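Below are the chains, spelled out letter by letter.
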Amino acid sequence: MALITKNIFSTKKLTWLFVTLLITSLGIFIKQFIELKNIQVFNQNISEGKSPRMFINSFEARYATAYWLTTKERYKEAGILFSNLLPVATQSQKADIHYNVGNIFFKRALAINGTDMTVKNETEYLFRQAKAAYMLSIKIDNHAWDVKHNLDRVLMILPANPTPGIGDSDSPGLILGNIPVGLP
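Residues numbered from 1 in each chain as written. Predicted model: local features only at pLDDT ≥ 70, side-chain atom pairs only at ≥ 80, totals over all residues. Heavy atoms only, no water.

Undergrad: Looking at this model, I keep getting lost on the packing of aromatic side chains. Mind explaining?
TA: The geometry of an aromatic ring pair is captured by the separation of the ring centres together with the interplanar angle, meaning the angle of the planes. Overall, the coordinates contain six aromatic pairs when judged by the stated rule. Ring geometry for F59 versus Y63: centroids 6.0 Å apart, planes at 25 degrees, classification stacked. In this pair, F59 and Y63 both sit in helix α3 (residues 59-71), four residues apart, roughly one turn of the helix. A residue is classified by how much of its surface remains accessible, and F59, at 14% relative accessible area, is buried. With centroids separated by 6.5 Å and ring planes inclined at 80 degrees, the aromatic side chains of F106 and Y134 adopt a geometry described as edge-to-face. Here F106 is found in helix α5 (residues 91-112), whereas its partner Y134 is found in helix α6 (residues 120-140), with 28 residues between them in sequence. What makes F106 buried here is its relative accessible area of 0%. An aromatic cluster of at least three residues, connected via ring pairs, comprises Y99, F106, F127 and Y134. (Phe/Tyr/Trp six-rings, centres within 6.5 Å; stacked < 30°, edge-to-face > 60°. Helix = DSSP H or I, 4+ residues; strand = E, 2+ residues; numbered from the N terminus. Buried < 20%, exposed > 50% of the residue type's maximum accessible area, 1.4 Å probe, protein only.)

As structure tokens, then:
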């Protein structure tokens, strides 16, 4: 029995085992370090509004590009990118995408809103689209307070059952006088 134990735990075998473990650990450490640096470069590129060179086809890169386009008021391109992400997104990511699409419609509606009656129908349409996107987001993730907050603001602007009126000044639909400041 002592001979078998001595044979299994010889100094030479233990030395080779520890050297192998050291080389493997060092390789894993170097790989992780390189990945961390790549992620830092990726995040730096995104924060500066540049297209990332690495992870270019990743969900995160495409999502960040769509979000950046939204901040630059390029809503059409952002909406297309967000829509293309839906088939590959997780449930949580889908809720975020719908929230951002709702914000796009909300911001567009607020931008064209005014006293001109010619944009009233388009504004109402955009607010209704924002409402639909926020509702989809809430169906997926009922705990998102930002979504609930923006949906509440849209519902304040866009009554569910408009009262029919007489003439252009009393036309049913959008109430434009109660638009909150600083949204979305």
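Next comes the rest of the account.
Undergrad: Sorry if this is basic, but what is going on with helix α7 (residues 145-157) here?
TA: Residues three or four positions apart in an α-helix share a direction because the helix packs 3.6 residues into each turn. For α7, built from 13 residues, the straight-helix expectation of 18 Å at 1.5 Å per residue is met to within 8% by its first-to-last C-alpha distance of 19 Å. Taken residue by residue, α7 has V147, N150, L151, R153, V154 and I157 as its buried positions. End-on view of α7: buried residues confined to an arc of 160 degrees, all on one side of the axis. Elements in contact with the buried residues of α7: α5 and α6. (Expected span 1.5 Å × (residues − 1). Arc of directions from axis to C-beta. Contact = heavy atoms within 4.5 Å.)

Shape is all these values report; function is a separate question.
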